[in-house]
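Remarks on the overall topology
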Amino acid sequence: RDDDDINDVASMAGVNLNEESARIMATNSDLVGTQIQSCKDEPFLAAIPLHKRILETAKKLGITDVPAEVVTFISHATQNRLRTVIEKVTVITQHRMESYKDDEWYEQATDVRSQLKFFEQLERLEKQRKDEQEREILLKAAKSRSRQEDPEQARLKQKAKEMQQQELAQMRQRDANLTALAAIGPRKKRKLDAPGLLTIGGEGVGACGGSQAGLGTASPRQYPRQKITRVNLRDFIFYMEQEREMSRSLLLYRALLK
């Protein structure tokens with residue numbers, strides 16, 4: 001009687017239960033009769049050393065027995081904590097490596113690299129000017145023919161002589177290098193250095209296979225480079241400074257001392 005009532009209601013709604021059942025069975029036919037079971041609970045850390053470490057800490061607090069469920073729970077908690085730390089430090093590293101030079105919504109306000117190059121160039125010019133002044137003083141001292149020479153004048157003459165010998169040696173070395181380069185001739189690019197060729201066992205192999213090895217017309221295949229995120233100590237220190245439980249820890253202090 002209940003089935004009749006259900007059929008009456010379904011028929012009034014325009015639903016055929018037999019067709020719906022057949023449609024559900026056809027749609028989820030791969031799931032019918034399958035058995036789903038949970039995977040084996042494998043701990044992230046080694047169970048025996050972790051159990052010994054927990055027992056050593058527990059004995060100080062008056063606890064003599066620690067069940068295996070506690071070891072498994074601590075192992076999973078360590079895995080979860082490590083995953084969270086790696087995710088956060090990875091985000092920090094990606095923000096550090098992100099470049100806004102080509103972004104239209106940002107404009108460059110200062111260029112520290114160009115400023116440093118400018119200061120280095122100024123220092124180089126200043127050093128060159130001082131060397132020129134010292135060279136002129138030494139040359140004047142070497143050309144002087146005063147009869148009464150003090151020790152300072154003799155020291156300047158000796159230094160001028162050494163400077164002239166050093167300049168002569170540099171000129172000879174430069175001439176020898178130019179002569180050797182002229183004798184060798186222009187350097188020819190080797191075939192193994194050509195793009196699209198790989199060096200395997202001392203032989204050139206084309207990017208499209210061994211059958212096209214040695215053919216210069218083979219177009220190189222571009223393989224996508226995998227982007228590697230490198231986390232350094234500065235990123236980890238920044239992460240520890242942002243975390244409430246680690247901002248005043250001994251680990252952060254030791255990291256700052258490195």
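Thresholds applied
- Positions within a chain are numbered from 1, following the residues in the order the chain's sequence is written.
- In keeping with the predicted nature of the model, local features appear solely for residues at pLDDT of at least 70, side-chain atom pairs appear and are counted solely at 80 or more, and the whole-chain, interface and lining totals rest on all residues.
- Side-chain metrics rest on all non-hydrogen atoms present in the structure, leaving aside hydrogens and water.
- A run of DSSP states H or I qualifies as a helix once it reaches four residues; a run of E qualifies as a strand once it reaches two. Both are numbered from the N-terminal end.
- Any residue under 20% of the maximum accessible area for its type is buried, any over 50% is exposed, and the rest in between are partly exposed; the area is computed with a 1.4 Å probe on protein chains only.
- Residue contacts follow a heavy-atom distance rule, with two residues in contact if any of their heavy atoms lie within 4.5 Å.
- For every accessible area listed, the method is Shrake-Rupley and the probe measures 1.4 Å; residues are considered covered only by the protein chains on display.
- By this rule the span expected of a helix is its residue count minus one, scaled by 1.5 Å.
- A pairing counts as a salt bridge when a side-chain nitrogen of Lys or Arg comes within 4 Å of a carboxyl oxygen of Asp or Glu.
- Of the grid points, spaced at 1 Å and generated over the protein atoms alone, those admitting a 1.4 Å probe that cannot get out make up cavities, while open sets with protein on both sides within 12 Å along at least five of seven lines make up pockets; any residue with an atom within 4 Å of a point is treated as lining.
- Grid points are joined across faces, edges and corners, and a volume is the space filled by probe spheres set on the points.
- Gly is put with the polar residues, along with every residue not named as nonpolar or charged; the nonpolar set is Ala, Val, Leu, Ile, Met, Phe, Trp, Tyr, Cys and Pro, and the charged set is Asp, Glu, Lys and Arg.
- We call two N or O atoms a polar contact when they sit within 3.5 Å, provided that within protein one can donate a hydrogen and the other can accept it, with sequence-adjacent residues counted only if both atoms are side-chain atoms.
- The axes used here are C-alpha line fits, helices contributing only the stretch in contact, and every angle between their N-to-C directions lies in the interval 0 to 180 degrees.
- Take the far helix as the reference: if the near one is turned anticlockwise from it by less than a right angle, the crossing is left-handed, and if turned clockwise, right-handed.

1. Looking at the overall build of the protein
Scanning the protein for helices and strands turns up eight helices and two strands. Each helix (α) and strand (β) of the protein, taken in turn from the N terminus, gives the series α-α-α-α-α-α-β-β-α-α. Residues counted as buried form 11% of the 258 residues belonging to the protein. Counted over contacts in the protein with a minimum sequence separation of 6, partners at least 24 positions apart contribute 43%. Here the protein has roughly 23500 Å² of accessible surface; of this, 54% comes from carbon and sulfur atoms.

2. Points about helix α6 (residues 151–184)
When the terminal C-alpha atoms of α6 are compared, their 50 Å separation across 34 residues agrees well with the 50 Å that a helix rising 1.5 Å per residue should span. Listing the buried residues of α6 in full gives Gln-153, Leu-156, Ala-160 and Met-163. Directly beyond the C-terminal end of α6, a positive phi value near 90° is found at Gly-185.

3. Re the pattern of salt bridges
Summed over all chains, the structure comprises seven salt bridges. Here Lys-127 and Asp-131 are joined by a salt bridge, their closest N and O atoms 3.3 Å apart. Here the residue Lys-127 and the residue Asp-131 both occupy positions in helix α5 (residues 112–143), the gap between them amounting to four residues, near one helical turn. Taking the shortest distance from any N to any O, the salt bridge between Arg-135 and Glu-167 comes out at 2.8 Å. In this pair, Arg-135 is assigned in helix α5 and Glu-167 in helix α6, connecting sequence segments 32 residues apart. Accessibility expressed as a relative area gives 27% for Glu-167, which makes it partly exposed.

4. Observations regarding the layout of surface pockets
Estimated volume of the largest pocket: approximately 300 Å³. Taken together, Gln-128, Asp-131, Glu-132, Glu-134, Arg-135, Leu-138, Lys-159, Glu-162, Met-163, Gln-166, Glu-167 and Gln-170 form the lining of the largest pocket. Elements with a minimum of two residues in the lining of the largest pocket: α5 and α6. Residues that form the lining of the largest pocket fall into these classes: two nonpolar, three polar and seven charged.

5. Details of the environment of Thr-57
Residue position: Thr-57 is located in helix α3 (residues 47–60). Judged by relative accessible area, which is 45%, Thr-57 ranks as partly exposed. A distance of 3.1 Å separates a polar atom in the side chain of Thr-57 from the backbone oxygen of Arg-53.

6. Thoughts on the side chain of Thr-93
Within the element layout of this structure, Thr-93 appears in helix α4 (residues 68–97). Of the residues examined, Thr-93 reaches a relative accessible area of 0% and is grouped as buried. Among all residues touching Thr-93, those that are not within four sequence positions of it are Thr-229, Arg-230, Val-231 and Asp-235.

7. Remarks on the packing of α4 against helix α7 (residues 233–242)
At a minimum axis distance of 9 Å, the contact between α4 and α7 shows a crossing angle of 115°. In the crossing of α4 with α7, the sense of the turn from one axis to the other is right-handed. The residues of α7 that touch α4, namely those facing Arg-81, Val-85, Lys-88, Val-89, Ile-92, Thr-93 and Arg-96, are Arg-234, Asp-235, Phe-236, Phe-238 and Tyr-239. Here the residues of the contact of α4 with α7 sort into six nonpolar, one polar and five charged.

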